[in-house]
Amino acid sequence: MDKNPSGEDNDDIDWDTEDELEIQKIQDTVFSSCTNLRTTGQHVVCGNGEASSSSVPFQSSKFIQQFVVMGFTEESIAKAIEQNGENSDLVLDALLTFKALDDAPEEQPSTSPQLEPSISSDDSFSEYNENVLDDVYEEDSWSSDSDNCINPVGRCYLNDEGSSLSGKEKTLLFLANMGYPEEEGSIAMKRCGPEASLPELVDFICAAQMARAEDPYLPEDVKPKLKHILNDFGGYKKRKMYNGLCKRKKPREISAEEETIRLPKPMIGFGVPTEPVPTMVQRFLPKKTIGPPFFYYENVALAPKGVWDTIKRFLYEIEPEFVDSRYFSATQRKRGYLHNLPIENRFPLFPLPPRTIHEALPLSKKWWPSWDTRTKLNCLQTAIGSAKLTDKIRKAVEKYDDEPPLEVQKYVLYQCKKWNLVWVGRNKVAPLEPDEVEMLLGFPKNHTRGGGISRTDRYKSLGNSFQVDTVAYHLSVLKDLFPDGINVLSLFSGIGGGEVALYRLGIRLNNVVSVEKSEANRNIVRSWWEQTNQRGNLIHFDDVQLLSRDCLEKLIGSFGGFDLVIGGSPCNNLAGSNRVSRDGLEGKESSLFFDYVRILDDVKAIMSRHR
């Protein structure tokens, strides 16, 4: 289920773990050398001392002046106003279009030969470039701001009726006039998707350029050429200038319906065992949601803007509980949980799980270098680092008798944090083994081997699972409420994280209806059920969309109803690293949330009628 991302950035929100902040510092060091756009008197002055050719008459109206200080001529501003009226958004779009077309060279810029080394067939090298932003941020940092700058590709130039260029061609032309080679613009559009906004494309290109320039494995004769391109051709400067223009626009007003839920800092929800209980916890449950059937819904905390507001609206206006599993384990997992469970008298699973990397993986401590200061792992994903990447890291580090140079340390730490690599020998890193991931997520050893699936599929199943210790802490209140056992409807069961949590809490599972599309995951749950000698009934369904009201009627009639409806719908279209189809709850996979709502409503209605 992993990949970032809420769509709204707030300075007072703890978006990143300490490990992620360290990555951000590395990037900030590079970005700090960028030239800032600033206004002086009547001119826009760039860092190289060049001023725009347009002077600003003191008597000009405020509406015209806001565009003049951006560097546009009064003639082009007048033309844009004549075509679009005094609409700031439309005028700015028109001005940007005029500039792109007026300044365009007669021929498209040719591919820069200096950048050819950036297109490498090496798997780990291409992964480093392609995913440079994916795991540094769990969210798409432009998702909330792109509307304030310029419309997405394909809708940028609707006002330019006289142009025959397609949306893609105009975007490439605009990027070319900002100083970016056509090839890099094409790659950015391919990687970010056809609906990516210009700010996303600019960020992608700049980040890839920086990554290559700082890559310790890049041939030394190539680095000066790359840095020459970045410095002299204005790679950083163009990005800063574009961002400066965007920030000068008046922000779009947000209606009350669009206001987003603010994530807490720290992300401890209504309390965790290792931190003081928040003093100002206020929780309101509508009367119709109090008591059984209890429900528990989970998904990524850093979803696109407005997603959690929608989830809250469909689930009875209950406030979500946002928790990072770093307070329960040695790995982070930022999740939102929306439920009607009591929050008093919770208790954690015992024995308490290891809370640091060295506690969880004690053998790694012997080989851990002093310059790797990680104490927590980042969010466990559905994929792992390649053997080629770990071999390159080994070769880079073993060249030095003492500590490697700072640039090598930065690169190695970036990859270690991105892929959760741990030190397993002298100068040697490796990805986590499946049984280590199981332990970090609170599952029993070899839990995923019960499905008879490949090693790759084990990582995928684990990456999409609950963190058992976190979920068990929330569900612990059910133990006293159901001393004779519990009936569970488990939607999107995965590998049975909810069932494992209840079992580890000592709550007897009388009847479990498990709905899971993956046959491999169903086999894992079935194997665990048999190995733990469960005495209740396990009933499998393979598709939530086919779980009808008639079927629920029969199930409820057979054993008297459900005490708990639990599940987390797919986050494929919500996670931050999905930069192609991050469509929110309207996405193909994540729209299954509405089946969770439908089924929960049906269960409540049927059980209410039976009472």
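Residues numbered from 1 in each chain as written. Predicted model: local features only at pLDDT ≥ 70, side-chain atom pairs only at ≥ 80, totals over all residues. Heavy atoms only, no water.

Note the threshold: UniProt positions are given in the numbering used here, feature names are shortened, and annotations may be inferred rather than shown by experiment.
Per an unreviewed UniProt entry, the protein chain goes by DNA (cytosine-5-)-methyltransferase and derives from Anisodus acutangulus. Recorded under Subcellular location (unreviewed entry), the UniProt text for the protein chain is reproduced unchanged: "Nucleus".

Overview of the overall build of the protein chain
Cut-off, in case you're wondering: The helix and strand labels rest on DSSP assignments: H or I over at least four residues marks a helix, E over at least two residues marks a strand, and numbering proceeds from the N terminus. Residue burial considers only the protein chains on display, and all accessible areas are found by Shrake-Rupley using a 1.4 Å probe.
Secondary structure assignment for the protein chain yields 23 helices and 11 strands. Summing over all exposed atoms, the protein chain offers an accessible surface of approximately 27,700 Å²; the carbon and sulfur share of this is 49%.

Describing empty space enclosed by the protein
What counts, and what does not: Any residue with an atom within 4 Å of a point lines the site, the site being either a cavity, points on a 1 Å grid over the protein atoms alone where a 1.4 Å probe fits but cannot get out, or a pocket, an open set with protein on both sides within 12 Å along at least 5 of 7 lines. Grid points are joined across faces, edges and corners, and a volume is the space filled by probe spheres set on the points.
Estimated volume of the second largest cavity: approximately 100 Å³. Contributing to the lining of the second largest cavity are L380, Q381, A383, I384, W419, N420, P431, L432, V437 and Y459.

Thoughts on the packing of helix 22 (residues 549-559) against helix 23 (residues 593-610)
Let me state the cut-off plainly: Each axis is a line fitted through C-alpha atoms, and for a helix only the stretch in contact is used; angles between axes span 0 to 180 degrees, taken between their N-to-C directions. Our angle categories are set so that under 35 degrees counts as roughly parallel, over 145 as roughly antiparallel, 65 to 115 as roughly perpendicular, and the remainder as oblique. Each crossing gets its hand from how the near helix is turned against the far one by less than a right angle, where anticlockwise is left-handed and clockwise is right-handed. We call two residues in contact whenever any of their non-hydrogen atoms come within 4.5 Å of each other. Polar here means any residue other than Ala, Val, Leu, Ile, Met, Phe, Trp, Tyr, Cys and Pro, which are nonpolar, and Asp, Glu, Lys and Arg, which are charged; Gly is therefore polar.
Put simply, helix 22 and helix 23 touch, their axes get as near as 10 Å, and they point 45° apart. Judged by the angle between their axes, helix 22 and helix 23 are oblique. Handedness of the helix 22/helix 23 crossing: right-handed. Seen from helix 22, the contacting residues are R549, L552, E553, I556 and G557; seen from helix 23, they are I599, D602, V603, A605, I606, M607, R609 and H610. Its residues assigned to classes, the contact of helix 22 with helix 23 comprises 7 nonpolar, 2 polar and 4 charged.

Focus on the packing of aromatic side chains
For clarity, the threshold we go by: Centre distance within 6.5 Å is the pairing criterion for rings of Phe, Tyr and Trp, where only the six-membered ring of Trp is used; planes under 30 degrees apart are then read as stacked, over 60 as edge-to-face, and the remainder as tilted. For a ring to carry a charge above it, either NZ of a lysine or CZ of an arginine must fall within 6 Å of the ring centroid while also lying within 35 degrees of the normal to the ring plane.
Applying the stated criterion across every chain, the model contains 15 aromatic pairs. Judged by centre distance (6.3 Å) and plane angle (90°), the rings of F294 and F482 are edge-to-face. Linking F294 in strand 3 (residues 294-300) with F482 in the loop between helix 19 (478-481) and strand 8 (486-491), this pair joins segments that are 188 residues apart in sequence. Here the aromatic residues Y297, W308, F314, F322, F593, F594 and Y596 are joined through ring pairs into a cluster of three or more. A cation over a ring is seen here: R326 above Y327, with NZ or CZ 5.9 Å from the ring centre.

Things to note about unusual backbone geometry
Leaving glycine aside, a negative phi is the common case for residues, and trans is the common case for peptide bonds. The linkage connecting K265 with the following residue, P266, adopts the cis geometry, with an omega of 0°. Here the amide bond leading from P292 into P293 is cis, since omega sits at 0°, within 30 degrees of zero. Counting through the fold element by element, P293 comes out in the loop between helix 11 (235-248) and strand 3. A positive phi is found at N427, a non-glycine position, where the angle reads about 60°. Along the chain, N427 turns up in the loop between strand 6 (422-425) and strand 7 (428-430). The backbone of N446 shows a phi angle near 65°, a positive value even though the residue is not glycine. Relative to the helices and strands, N446 is located in the loop between helix 16 (434-440) and helix 17 (455-463).

Some points on the pattern of salt bridges
To be explicit about the condition: In the sections that follow, a salt bridge refers to a side-chain nitrogen of Lys or Arg positioned within 4 Å of a carboxyl oxygen of Asp or Glu. A simple rule labels every residue: compare its accessible area, found with a 1.4 Å probe on the protein chains alone, to the largest value its type can have, and call it buried under 20%, exposed over 50%, or partly exposed in between.
Considering all chains together, one arrives at 13 salt bridges under this definition. A salt bridge links E433 to R455, with the nearest nitrogen and oxygen atoms 2.9 Å apart. Taken together, the residues span a long stretch of sequence, with E433 in the loop between strand 7 and helix 16 and R455 in helix 17 at a distance of 22 residues. Judged by relative accessible area, R455 falls into the partly exposed class, the value being 41%. For D595, the salt bridge identified is with R598, shortest N-O distance 3.1 Å. Linking D595 with R598, this pair stays in helix 23, spanning 3 residues, or about one helical turn. Classification of R598 by relative accessible area gives partly exposed; the value is 27%. Bridged by salt links that share partners, the residues D391, R394, K395 and E398 form one connected network.

What about helix 22?
What counts is decided by this rule: To obtain the arc, one takes the directions from the helix axis to the C-beta atoms.
Inspection of helix 22 places C551, L552, L555, I556 and F559 among the buried residues, and these make up the whole buried set. End-on view of helix 22: buried residues confined to an arc of 130°, all on one side of the axis. In helix 22, the exposed positions angled more than 90 degrees off the buried face are occupied by D550, K554 and G557. Buried positions along helix 22 lie against strand 8, strand 9 (509-515), strand 10 (537-541) and helix 23. Backbone geometry just downstream of helix 22 places G560 in the positive-phi region, at approximately 90°.

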